[in-house]
Each structure stands twice: as structure tokens, then as C-alpha cells.
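# Remarks on the overall topology
Listed below, chain by chain, are the residues.
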Amino acid sequence: MKPGIIPYQDGDIVTNGQESGLSPRPAFPQYQLTHGSFYKPHDIPLNKRHFIYSPCAPRLDFTEMGYCLTEYPFERAGFSLMDRSAGISLKDKDNSIIGVEKSVGWRTGRSDVCIKEGISYWEVEIIKGGSIMGTDNDPRRKKDMIDSSPHLRFGISRREASLEAPVGFDSYSYGIRDQYLESISEGKLSQVLEKREGMQAGDIISFVLKLPDYDAQVEQAQEYALRRKEALKNAIDSSGKTMRTDDNAGAGTIKKKSKTVKQATNEDFQLALLEDITYNDIIRDHIPIRYRNQLFFEATDYIKTTKPEYYSSDKRERQDYYTLKDSYLAVYLNGEFLGKAFENLNPFLPPFSELQYNEKFYYGYWKNYNGQHVNGLINPYKNVDSESEQRLILRNKYVNNNRLGYYPTISCFNDGEVKIITEQRQMKYLDTVKSSELLADKQIKTLDVLYKEQIADDIVWDIIDEVEEEGKKLTNTNPPIAAPIDTVLVPEGSGP
């Protein structure tokens, strides 16, 4: 993550006559017309194959990092250009209205706002979708008419949710169907909020998402990690695979006492990863790349997790046991409260979420690292027999990169079109929702407020990353000089 990896080019630095090292936000990408007045960018990378991309810009005053996070100049929160299916198009090259072409299956787009805690609010306006073309009482013909009509789904999703399937398709997302306003998660119907044939153009659905505060989520994640560690320790103790006997006896020699040596296994590695989790730090392993002469940060994304191979007696280390206390997604239609579509949502802090990870590589490094080398120099005082110091975790999959949370998400089908409303001045039912019995005297944040806070967080963590890298450079430039073994001073009374 140094400037030398991708050097600056002419045009990267625009200072407007000031030697401040600041760069403007990147120019909009190139678009291609798809249908009607809808376009989609065709020269930017999309988030897929467990990689995520964000625009970045040069910073001359960042002597170590070289680049910082930035965003496109839309001036408001909306749909992310990178965090969408390739089939999703944007109307008039804007980030507020999305749609898909006719005869295209379900395609999904996510907002660029990550909701992590508290109560948040946004609105969605129906432009095309939810209505049945014509009336027919024959069930078969009626189904054909529904399938040939444009449709929409609205909801929230985590980073692990697929963008090539409708929101609510898996356990990482929660969706609302435009037909009958049915709640769907894991592909299963949860409840029907309102029995009606469909929605009309101009209808506005309001969403209120409530999540517990960060400290409560950390406490729950720590409990989950503790149960997994206990299950791992029980598995290690019962398997006996971590111990071997080293018998040094040989023919014609005095038989020495057998020595028991601990051998590192994958269970030990998983235990070390869980013990290495930190909740008071943000770790963003992103590197700058140049894609079609545009600058982006590339980072690994979170992946769907599998059930662990070990279980405690009550199965509590399993992820599906845990939910976020007092969390819910409430729905309003044209200002009228329909109910809570979902309650007790799934948690997302590590170890509930994990990054894409080359486990074989990192496990091999951890297993074979002996801790004798520090900054490229041999450390003669390293106690290589000390198990706590002898293995190094090169990279952990249980980290928070500041993008863990729930994202407002919309899916479109067969020429469906929808608009997301994120600015307070454009919201029609914000005051009505605030005065409702559910949210009386409670603080609510709209997506535009959360978006500004997210940008401020990115700026702070960019500075922290740069300061840390500069500190590492100073430490590596002036390593401590170890005294020769035979000149080490031994305090009186400490030994012969």
C-alpha cells in the first residue's frame, strides 16, 4: 500500500494552483445506454467474486499510503455504482433511480450507506412494478400475467448477500415483495403485511431499521467467540491429534525420558484466530489499483460462512442461535404503519462475519513461523519454545473493515423501476413516521446523515492508517541493536 506500487500519473494530481496535495473527487465513469433513459457504467469494476472496490484519490501528504478513500460527486447518498449487479442500470446517469431491461431476471443494487447501529429511515418510491396487467380469474393465466409484469423487492442486506438474486433470497438479506407486501428471508415467506393485489406507481414505502448500539453488539459477538473457543478446546483435548511423543532413546545409550511436544493443527489455528479478534480497531486491507486509467481501492469482501465442524453440547456456537436484541425492520405505506416486517435480525460483527481468506496459505505461515526473525534480523533473545510468542497470525479473517452492517437494498425484475429517497428535504412522510407511536421521542437518522458520518469515518481512518505506517517506517529504520551474548550484564543475585 505504498505509492511506489502504482506511481502517480499526469492528471492524477489537480491542486487548482495550491500545493496542498488535495485532489478532487474522481470524474464520473463512462456510461452506455441500455434502454429508455437508463444507462450503466461500463468501465468500472463491480463488486463480485468476493472482492470490493471503492474510488480512491492521490494524497501527496500521505508519504506512506499515497492514496485515500473518496467518492463520486453525486452530492447525496444513493445506489452504489460498484455494489450492484451488472444488469442494473441507472436512470439519467444518476444514483437515485435504478431499473432493469425487459425479460431480465431478478437483479439487485445496494445503497452506498452502511447502517451499523441506531434507528435509520429512508423512503422508496414505486415508478414501475407491483401491478398486474389486466384481470383474470383463471389461476394459470393470472400467474402468467404476474410473471410478465415488472416487479420489485425492497429490504436490507449484508455484504454476503448475492446481487444476482432478489433481496430476501438467503439468510443474509430481508426482503418485501411488491405483490401482497410479503416478508421474505432465506427464500421463505415470513408474513403478509397487507393483502392487496399490487402497488401502484407513485406509492411510497418508508423503512425504519433499528439496530442495537455497538457496545451491545460487541458483547454478543464476544460471547459467541467464547463459545466457539470452548468448543474448539474441547475438540482439541478429545482428539489427541495435537500431541506426539518424542523418545530420544537409542541402542547402546541411556534411555532418556520421553518428551511430549505440541504439534499445531488447524483447530489450534482457528482458536488463535478467534483469540486475535479486536473490536476497538478498524482494519482495512485495501490496496490501490489502476483500472482503465481510473484509481480504485481493492479489498477482499465478506463471504458466506459454513457451519463449523465442531459443536458444543448445546450447539450454541452455531450462528443461527444468535439475533440482535430489539432489532427490527418496520414498514410504512404512504405514511400508514403496516407493522414490523422482521424482528431479531442476524448479527454481523466478527466472528459472525468473515472475510474471504486463503486459509491454507495463512495456516501454513502461522504453523511454520518460529518468531526468531524481527525486522529481518535474527533475534538471539527470542524464546522460541514459548508457545505464545512462537506463532504469528499474518492476517485474520475475523476483522471489521468499517463496512459491516446492513445496506438498504432493492431488486428489480422485468423492466421494474424504483427510486430511493435519502435526503430529508425530499422525504414525504418523515414527520409522520417520527410522530408515530413506535418512534415517539426517539432519535432517527436519515441516510444522508449516515452518509456524511461514513465519509467522516473514512477520513479519520485514512489518517490513522497513514500515521501507523509512518510509525512502522521509523521503527524499521532504527531497529534496536542487541548486545553480544558474552557481554550481557547479569544483575547480582540472579544466578551464577
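Structure: see above.
These remarks concern the structure in this document. (Residues numbered from 1 in each chain as written. Predicted model: local features only at pLDDT ≥ 70, side-chain atom pairs only at ≥ 80, totals over all residues. Heavy atoms only, no water.)

Throughout the structure, instances matching the rule amount to 26 salt bridges. Across the salt bridge formed by Arg107 and Glu164, the nearest N and O atoms sit 3.6 Å from each other. Separated by 57 residues along the polypeptide, Arg107 in strand β8 (residues 107-111) and Glu164 in the loop between β10 (151-157) and β11 (173-177) bring together distant segments of the chain. Judged by its relative accessible area of 25%, Arg107 is partly exposed. Judged by relative accessible area, which is 47%, Glu164 ranks as partly exposed. We note a salt bridge from Lys397 to Glu359, for which the minimum N-O separation is 3.1 Å. Here the residue Lys397 occupies a position in the loop between α5 (387-390) and β25 (407-413), and Glu359 occupies one in helix α4 (residues 359-368), the gap between them amounting to 38 residues. For Lys397, a relative accessible area of 5% corresponds to the buried category. (Salt bridge = Lys/Arg side-chain N within 4 Å of Asp/Glu carboxyl O. Helix = DSSP H or I, 4+ residues; strand = E, 2+ residues; numbered from the N terminus. Buried < 20%, exposed > 50% of the residue type's maximum accessible area, 1.4 Å probe, protein only.)

Bringing the packing of helix α2 (residues 214-239) against helix α3 (residues 266-275) into the picture now. Contact geometry for α2 and α3: axes closest at 10 Å, N-to-C directions at 160 degrees. In terms of orientation, α2 and α3 fall into the roughly antiparallel class. You can see that α2 and α3 cross each other, and the crossing is left-handed. Here Ala225, Arg228, Lys229, Leu232, Lys233 and Ile236 of α2 come into contact with α3, specifically with Glu267, Asp268, Gln270, Leu271, Leu274 and Glu275. In terms of residue class, the contact of α2 with α3 is built from five nonpolar, one polar and six charged. (Axes fitted to C-alpha atoms, helices over the stretch in contact; angles between N-to-C directions. Parallel < 35°, antiparallel > 145°, perpendicular 65-115°, else oblique. Left-handed = near helix turned anticlockwise from the far one by under 90°. Contact = heavy atoms within 4.5 Å. Nonpolar A, V, L, I, M, F, W, Y, C, P; charged D, E, K, R; others polar.)

Moving on, we come to the environment of Met65. Looking at the secondary structure, you find Met65 in the loop between β3 (51-58) and β4 (67-69). In this structure, the C-alpha to C-alpha distance between Met65 and Pro288, residues 223 residues apart in sequence, is 9.2 Å.

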